[in-house]
Amino acid sequence: MTVTLEVAEGVGTLRLDRPPMNALDVATQDRIKELAEEAADRADVRAVVIYGGEKVFAAGADIKEMRVMDHAAMVRRARGLQDSLTAVARIPKPVVAAVTGYALGGGCELALCADYRIAADNAKLGQPEILLGLIPGAGGTQRLSRLIGPSKAKDLIFTGRQVKADEALALGLVDRLVPAAEVYEAAHAWAARLAQGPAIALRAAKESIDSGLETDLDTGLAVERAWFAGLFATEDRERGMRSFVEEGPGKAKFV
């Protein structure tokens, strides 16, 4: 399998395994979608790590496969390409990308679908599609501009240049840098901590933020208000407030 899902202690690791560069061919895209939807549905998965291994996250689409596609073929495939990564973005649980080596093109777009990105201090990221006479087609023009702003996104997309880890951090393209050997460990620790949190409240927070970014402020506030009130019907809310009153903050055990 080019992609696997391994679950331990509430954390699901979505692992890319298509040597040497984890190129995202059609079969790999479809497998990402399948396992992202499985991770979304499984009760034993409470947080997700996306990982490409110690050497590379994903160097982009399979150019040899794409080269033989004509316009009609890509019209048929483009939605499937976008849907495969959107399935990751729609996992209603905390998702962290553990970025090693290269995250280029579709690999960068996959990392953009995570809620948080921890990268190796020698990682390189970018959207080089313009160098092929193309533009990002798996969400890059939309998610990158929402993450780092339109001007900075245009610079990366117009030039196709790769950015080193320190610049990626400064741009806000990644959120944290660690030594290359510690990337997965750091990402897993981030996910494991949240896997112990209140699952419904975390889902509410993620959906409120993501939905709010797509709409006007009043509508976003209405989404937040509905989730906020709804959480008063959960056992976790009762546990959290009782623990706060009786034991102080940060000691609640959620179900």
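Structure: see above.
Below is a summary of the structure that appears in this document. Treat the numbers as computed from the prediction; the structure is a model and nothing was measured.

For the protein, the count of helices and strands is 11 helices and 9 strands. Relative to a compact globule of 255 residues, whose C-alpha radius of gyration would be 18 Å, the protein shows 19 Å and is just as compact. The principal-axis extents of the C-alpha atoms in the protein amount to approximately 65 × 40 × 35 Å. Relative to its 255 residues, the protein shows a buried fraction of 43%. Long-range pairs, those at least 24 residues apart, make up 70% of the contacts in the protein between residues at least 6 apart in sequence. When the accessible area of the protein is evaluated, it comes to approximately 13,500 Å², of which 56% is carbon and sulfur surface. Computed over 32 positive and 36 negative side-chain charges, the inter-centroid distance for the protein is 1 Å.

Pairing between the strands of a sheet comes from backbone hydrogen bonds, and it takes one of two forms, parallel or antiparallel. Spatial ordering of the open sheet is given by S1-S2-S3-S4-S6-S9, a layout of 6 strands whose pairing is mixed. Unpaired on one side and paired on the other, strand S1 (3-8) and strand S9 (176-178) mark the two borders of the sheet. Looking at each pair of strands side by side, their axes are set apart by 20° on average, direction ignored. For strand S2 (residues 11-16) and strand S3 (residues 47-51), the ladder comprises 5 bridges, and the chain directions are parallel.

In this section: a nonpolar patch on the surface. Where nonpolar side chains cluster on the molecular surface, the patch consists of Ile63, Leu132 and Leu134 and spans about 260 Å² of accessible area. Relative to the helices and strands, Ile63 resides in helix H2 (residues 63-67).

Here we come to the side chain of Ser208. Positionally, Ser208 belongs in helix H9 (residues 199-213). Residues within four places of Ser208 in sequence aside, it is in contact with Val223, Glu224 and Trp227.

Let's shift gears to the sheet that holds strand S8 (residues 162-164). An order of S5-S7-S8 is seen for the 3 strands of this open sheet, with the pairing classed as mixed. Two strands bound the open sheet, and with one partner strand each, they are strand S5 (102-104) and S8. Adjacent strand axes in the sheet meet at a mean angle of 20° when their direction is disregarded. Here 3 bridges tie S5 to strand S7 (residues 124-126), and the two strands are oriented parallel to one another. Bridged to Tyr102 within S7 is Lys124.

Looking now at unusual backbone geometry. That bond from Pro19 to Pro20 is cis: its omega, 5°, falls within 30 degrees of zero. Mapped onto the elements of the fold, Pro20 is located in the loop between S2 and helix H1 (26-41). Within the chain, Glu9 stands out as a residue other than glycine whose phi angle is a positive 55°. Tracing the backbone through its elements, the reader meets Glu9 in the loop between S1 and S2. The backbone of Asn22 sits at a positive phi, close to 55°, despite the residue not being glycine. Checked against the element boundaries, Asn22 lands in the loop between S2 and H1.

Scanning the model with the defined rule gives 15 salt bridges in all. For Arg18, the salt bridge is made with Asp25, and the minimal N-O distance between the two is 3.4 Å. Exposure remark for Arg18: the relative accessible area of 23% places this residue in the partly exposed category. A residue is classified by how much of its surface remains accessible, and Asp25, at 10% relative accessible area, is buried. A salt bridge links Glu238 to Arg242; its shortest N-O distance comes to 3.3 Å.

Helix-helix packing is described using two parameters, namely the angle between the two axes and the distance between the axes. In the contact formed by H9 and helix H10 (residues 217-230), the axes pass within 9 Å of each other and the chain directions differ by 170°. The orientation of H9 relative to H10 falls into the category roughly antiparallel. Contacts between H9 and H10 involve Ile200, Arg203, Ala204, Glu207, Ser208, Ser211 and Gly212 on the former and, on the latter, Gly220, Val223, Glu224 and Trp227. For the contact of H9 with H10, the per-class residue count stands at 4 nonpolar, 4 polar and 3 charged.

Tallied over the entire structure, the rule returns 1 cavity of 30 Å³ or more. Empty space within the largest cavity amounts to approximately 70 Å³. In terms of lining residues, the largest cavity is bounded by Val26, Gln29, Ala61, Glu65, Met66, Met69, Met74, Arg77 and Leu81. In terms of residue count, helix H3 (residues 71-89) provides more of the lining of the largest cavity than any other element does, 3 residues in total. Residue composition of the lining of the largest cavity, grouped by class: 6 nonpolar, 1 polar and 2 charged.

Rules and cut-offs
Residues numbered from 1 in each chain as written. Predicted model: local features only at pLDDT ≥ 70, side-chain atom pairs only at ≥ 80, totals over all residues. Heavy atoms only, no water. Helix = DSSP H or I, 4+ residues; strand = E, 2+ residues; numbered from the N terminus. Rg over C-alpha atoms; globule rule 2.2 N^0.38 Å. Buried < 20%, exposed > 50% of the residue type's maximum accessible area, 1.4 Å probe, protein only. Contact = heavy atoms within 4.5 Å. Areas by Shrake-Rupley, 256 points an atom, 1.4 Å probe, with all protein chains shown as cover. Lys, Arg positive; Asp, Glu negative; His and termini not counted. Charge placed at Lys NZ, Arg CZ, Asp CG, Glu CD. Pairing = 2+ DSSP bridges. Axes fitted to C-alpha atoms, helices over the stretch in contact; angles between N-to-C directions. Patch = residues over 30% accessible without salt bridge, like charges linked within 9 Å, V, L, I, M, F, W, Y side chains within 5 Å. Salt bridge = Lys/Arg side-chain N within 4 Å of Asp/Glu carboxyl O. Parallel < 35°, antiparallel > 145°, perpendicular 65-115°, else oblique. Nonpolar A, V, L, I, M, F, W, Y, C, P; charged D, E, K, R; others polar. 1 Å grid on protein atoms, 1.4 Å probe; cavity = no way out; pocket = protein on both sides within 12 Å on 5 of 7 lines; lining within 4 Å. Points joined across faces, edges and corners; volume = space filled by probe spheres on them.

Shape is all these values report; function is a separate question.
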